[in-house]
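What the coordinates show
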Amino acid sequence: MTTPILTIDDLNVRFSGRRTVHALNGVSLSLAPGEVIGLLGESGSGKSVTLRALMRLMPRHAQVSGSVEVAGQDVLAMKDAALARYRGRTVSMIFQEPGLALDPVYTIGHQIAESVANHEGVSMIAGRARALEMLERVRIPSARTRLDSYPHEMSGGMRQRAMIALALACRPQVLLADEPTTALDATVQIQILLLLRELQQELGMAVIFVTHDIGVAVEICDRIAVMYAGRIVETGTLREVVRDPRHPYTQGLLSATVHGATGRGRLKTIPGAPPSLDRAPTACSFAPRCDRAVPPCREAVPPLYAISPERGARCIFAREPERAETMA
Amino acid sequence: MLAPAPDRGGPAQPLLEVRGLTKHFRARTKPFAPPKVVRAVDGISFSVAKGETVGVVGESGCGKSTAARLLMHLMPRDAGDILYDGERVGSTLPLRDLRRRMQMVFQDSYASLNPRLTIEDSIAFGPTVHGVRDAAARNLARDLLRRVGLEPNTFAGRYPHEISGGQRQRINIARALALGPSLVILDEAVSALDKSVEAQVLNLLVDLKTELGLTFLFISHDLNVMRFISDRILVMYLGEVVEIGPVESLWAAPRHPYTAALIAAMPTLDPDRRTMTAPIAGDPPSPIDPPSGCRFHTRCVFAEGVCAKVHPVLAEVGPDHQAACLMAIPGSGHSGAAA
């Protein structure tokens, strides 16, 4: 096995203030160079917090423990200067709302050039040349004129392309993508997904792609990690997870997805709602909603049961491919 | 809930008939420049039969939400007629009566509830305005809470910020039903919900529809949801209806290239059949100065010279199925059309 470019080990994030939230509870994940992993989960499952922890974009009151290592560097121990070099150069991030992520008072060309000049110590003129190259690469029409456009002068799809150009301008080894296609129209979403897939193959970077949409994950990911209540509950290759989900939550999520379902029937649903995370979980967080739950599920947090070297699920029934619903 | 309005025209009369509905806005694109016209809704016509679910799909800026607001009279229309069960809204059917028969659920479950009212008060508010006594309105609210799957003793006294998004959307549905409407307009009502919650709310809507004999106008950008819930689908592009037909035939054989592109743009669930090419390039153009002729011609792979000149109208392409494409109109001059 190749050395991973990114390793997260037992990462815990707790926000305390008026209300305490145990946002991440022992997340472990590793990513090989050039690999695309999808973090799949619903709101509050901890997928965005994981990305923010990787970028060290945490509010002051967040308590973080565990270890995060990217390209041989200890991310949680980095000082300001190292952190500034790390962000954008080693790891870069794209967001759901390009309108909020881009600076409204500078042109697209200026923003990209500035980032390149800062990270690589080259002149703004050289930076601008890279900006042009990047805008062409993300297929923004008439890229040369668009260098001098402000974000508000562009359409949603074009802004998203510009943000991708900015994120990739310094050739990062890891790209973090936080629902980058969720706010886009259907016909534009597929264009951006295809663009990301193509750029990933060309540039060979590793990607963590956060999404709540299984269809989007299927289009772009090699591997899937399913998150629930601040924990990874199942990992495996895309095919394994989609075709043979082993965690009851993944199974429920896949059958609750309205995909190819036609009317007059009922959709299968997962009853109830995700737990509040005001206390650290001491049992399987999914047990209250699970129709297979047995007493041991409510007594201890289930470990990640390995099914194969690359595949595991945090469920005591994980090794029984048979979905014996009658067990309970 | 209040007694539903009587069925006047019988089952054959459409519950809702819309003719030439139009709304233009004036917008300044630059300071001091003369304002331009945004053709948000540009002469759309359709009807909704009693008991059916019509889905409206389209991308941002196609006018689907503006159309819903015009139907609800949340803003005045520039032109066009709206007939509710055969009665002209505004003349023979007063607005106050329309509101009892037509209700709406919005996308943002939080913004559509008054944060200072308890859930029970929010649901009881409408009936009280329409003359129901306080105690009766409260009983009604509790009954509706039960119907949407929320235990009244737990939820009645809570405030909107104390409950989850899925629960809030159930409250909004309960409130919409409190006046006993026959038509409910759902504007992206499940779009903000998580997938597992979305499925629960969709099931609830299907159940309520059967129990109460409701008619739905369901607006969404999510084609998976549309296919599940709709009997007929209406596709909008830049303020116009480009295709309308039964969900099965529209899915099996879309006749407008835009409909086909929307369906082809849906992400797959099969890892071995990933999408390899995007069905259309570019973003939807702005409804300010829409393209001439067929508004879709700037993004259409089948576009020919004639498409920029001739504006296609909806033409019959199958049973109950219409499309506004020159290829579907014989003798239109497009090489793909029958002579």
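On a predicted model such as this, the values are computed, not experimentally measured, just so you know.

Examining the overall build of chain A
Across its full length, chain A carries eleven helices and twelve strands. On C-alpha atoms alone, chain A measures out to a radius of gyration of 21 Å, which is about the 20 Å that the 2.2 N^0.38 rule sets for 328 residues. Projected onto its principal axes, the C-alpha positions of chain A cover 65 × 50 × 45 Å. Expressed as a percentage of the 328 residues in chain A, the buried residues total 53%.

Examining the UniProt feature "domain: ABC transporter" (unreviewed entry) in chain B
What UniProt calls "domain: ABC transporter" (unreviewed entry) maps, in this numbering, to residues 16-263 of chain B. Annotated as residues 16-263 of chain B, this span is 38% helix and 26% strand, and its ends, taken at the C-alpha atoms, are 27 Å apart.

A closer look at unusual backbone geometry
Residues and elements named next belong to chain A. The backbone of Ser142 shows a phi angle near 40°, a positive value even though the residue is not glycine. Following the sequence through the fold, Ser142 ends up in the loop between helix H5 (124-137) and helix H6 (143-146). Its identity is not glycine, yet Ala229 carries a phi of approximately 50°, on the positive side.

Some thoughts on the side chain of Gln169 of chain B
All names here are of chain B. Along the chain, the position of Gln169 falls in helix H6 (residues 165-177). Looking at Gln169, its side chain comes within polar contact range of the side chain of Asn172, at 3.1 Å. Gln169 has contacts with Val105, Phe106, Gln107, Ser109, Ala189 and Leu193, leaving out every residue within four places of it along the chain.

Things to note about the UniProt feature "domain: ABC transporter" (unreviewed entry) in chain A
Under the local residue numbering, the UniProt record ascribes the feature "domain: ABC transporter" (unreviewed entry) to residues 8-254 of chain A. Secondary structure across residues 8-254 of chain A divides into 43% helix and 26% strand, with the first and last C-alpha atoms of the span separated by 26 Å.

Overview of the nonpolar core
Buried together is how nonpolar side chains tend to be arranged in soluble globular proteins. If you look at the biggest cluster of nonpolar residues, it comprises 70 residues, and the most contacted ones within it are Ile164 and Phe209 of chain A. Of the residues forming this core, the biggest block, eight residues, is contributed by helix H8 (residues 186-203) of chain A. When residues of this core are assigned to domains, at least three fall in each of domain 1 (1-90 + 172-260) and domain 2 (100-170) of chain A. Discounting chain neighbours no more than four positions away, the residues touching Ile164 of chain A are Ile94, Val138, Ile192, Leu195, Leu196 and Leu199 of chain A. Listed in part, the 64 residues of the second largest apolar core include Ile171, Leu177, Leu223 and Tyr237 of chain B.

Comments concerning helix H11 (residues 248-256) of chain A
Of all nine residues that make up H11 of chain A, eight are buried, and the element is covered over most of its length. Pro248, Tyr249, Thr250, Gln251, Gly252, Leu253, Leu254 and Ala256 of chain A are the residues of H11 of chain A that are buried. Looking at the buried positions of H11 of chain A, the neighbouring elements they touch are strand E3 (36-40), helix H9 (214-220), strand E9 (223-228), strand E10 (231-237) and helix H10 (238-243) of chain A together with helix H7 (195-212) of chain B.

Here's the deal with the confidence of the model for chain B
The predicted model of chain B averages 92 in pLDDT, with 100% of residues at 70 or higher. Interface predicted TM-score (ipTM) for the complex: 0.86; the corresponding pTM is 0.90.

Re the sheet that holds strand E8 (residues 215-219) of chain B
Residue and element names in this part refer to chain B. Spatial ordering of the open sheet is given by E6-E7-E8-E3-E9-E10-E12-E11, a layout of eight strands whose pairing is mixed. What marks the edges here is a single partner per strand, and that holds for strand E6 (102-105) and strand E11 (315-318). Strand-to-strand twist of the sheet, defined as the mean angle between neighbouring strand axes without regard to direction, takes the value 25°. When strand E3 (residues 53-57) meets E8, the two strands line up parallel, connected through four bridges.

Here we look at the domain arrangement of chain A
One widely used convention gives an interface's size as the accessible area the parts lose upon coming together. All names here are of chain A. As assigned here, chain A comprises domain 1 (1-90 + 172-260) and domain 2 (100-170). On a C-alpha basis, the centroid separation for the pair domain 1 and domain 2 is 25 Å. Contacts between the two partners involve 19 residues from domain 1, matched on the other side by 13 residues from domain 2. Of all residues in domain 1, the largest losses of buried area upon contact with domain 2 belong to Arg89, Leu195 and Leu199, amounting jointly to 32% of the total for that side. At the junction of domain 1 and domain 2, the tally comes to two salt bridges.

Things to note about the pattern of salt bridges
Residue and element names in this part refer to chain B. Under the defined criterion, the tally for this structure stands at 37 salt bridges over all chains. The partner of Glu188 in a salt bridge is Lys64, with the nearest N and O atoms 4.0 Å apart. Of this pair, Glu188 sits in the loop between strand E7 (183-187) and H7 while Lys64 is found in helix H1 (residues 64-71), placing the two residues 124 residues apart along the sequence. As far as burial versus exposure is concerned, Glu188 and Lys64 are alike and both buried. Residues joined by salt bridges that share partners form a network here, namely Glu120, Asp121, Asp134, Arg138 and Arg142.

A few points about the sheet that holds strand E2 (residues 21-31) of chain A
All names here are of chain A. Spatially, four strands are ordered E2-E1-E4-E5 in an open sheet, and the strand pairing comes out antiparallel. The open sheet has two edge strands, E2 and strand E5 (73-74), and neither has a second partner. Those strands touched by helix H1 (residues 47-55) are strand E1 (6-15), E2 and strand E4 (62-70), and its axis lies near 110° from that of E1.

Structural notes on the domain arrangement of chain B
Residue and element names in this part refer to chain B. The domain boundaries assigned to chain B delineate domain 1 (16-116 + 159-328) and domain 2 (117-158). For domain 1 versus domain 2, the distance between C-alpha centres works out to 30 Å. Of the residues lining the interface, 23 residues belong to domain 1; the matching set on domain 2 comes to 19 residues. Counting each side, the surface lost to burial between domain 1 and domain 2 is near 1,800 Å², with a carbon and sulfur contribution of 70%. The tally of links between domain 1 and domain 2 comes to one salt bridge.

What counts and how
- Residues numbered from 1 in each chain as written.
- Chains lettered and ligands numbered in written order.
- Predicted model: local features only at pLDDT ≥ 70, side-chain atom pairs only at ≥ 80, totals over all residues.
- Heavy atoms only, no water.
- Helix = DSSP H or I, 4+ residues; strand = E, 2+ residues; numbered from the N terminus.
- Rg over C-alpha atoms; globule rule 2.2 N^0.38 Å.
- Buried < 20%, exposed > 50% of the residue type's maximum accessible area, 1.4 Å probe, protein only.
- UniProt positions renumbered as here; feature names shortened; annotations may be inferred.
- Polar contact = N/O pair within 3.5 Å; in protein donor to acceptor, adjacent residues only side chain to side chain.
- Contact = heavy atoms within 4.5 Å.
- Core = buried A, V, L, I, M, F, W, Y, C linked by side-chain atoms within 4.5 Å.
- Domains from an automatic or database assignment.
- pLDDT = per-residue confidence, 0-100.
- Pairing = 2+ DSSP bridges.
- Axes fitted to C-alpha atoms, helices over the stretch in contact; angles between N-to-C directions.
- Buried area = accessible area lost by both parts, 1.4 Å probe.
- Salt bridge = Lys/Arg side-chain N within 4 Å of Asp/Glu carboxyl O.

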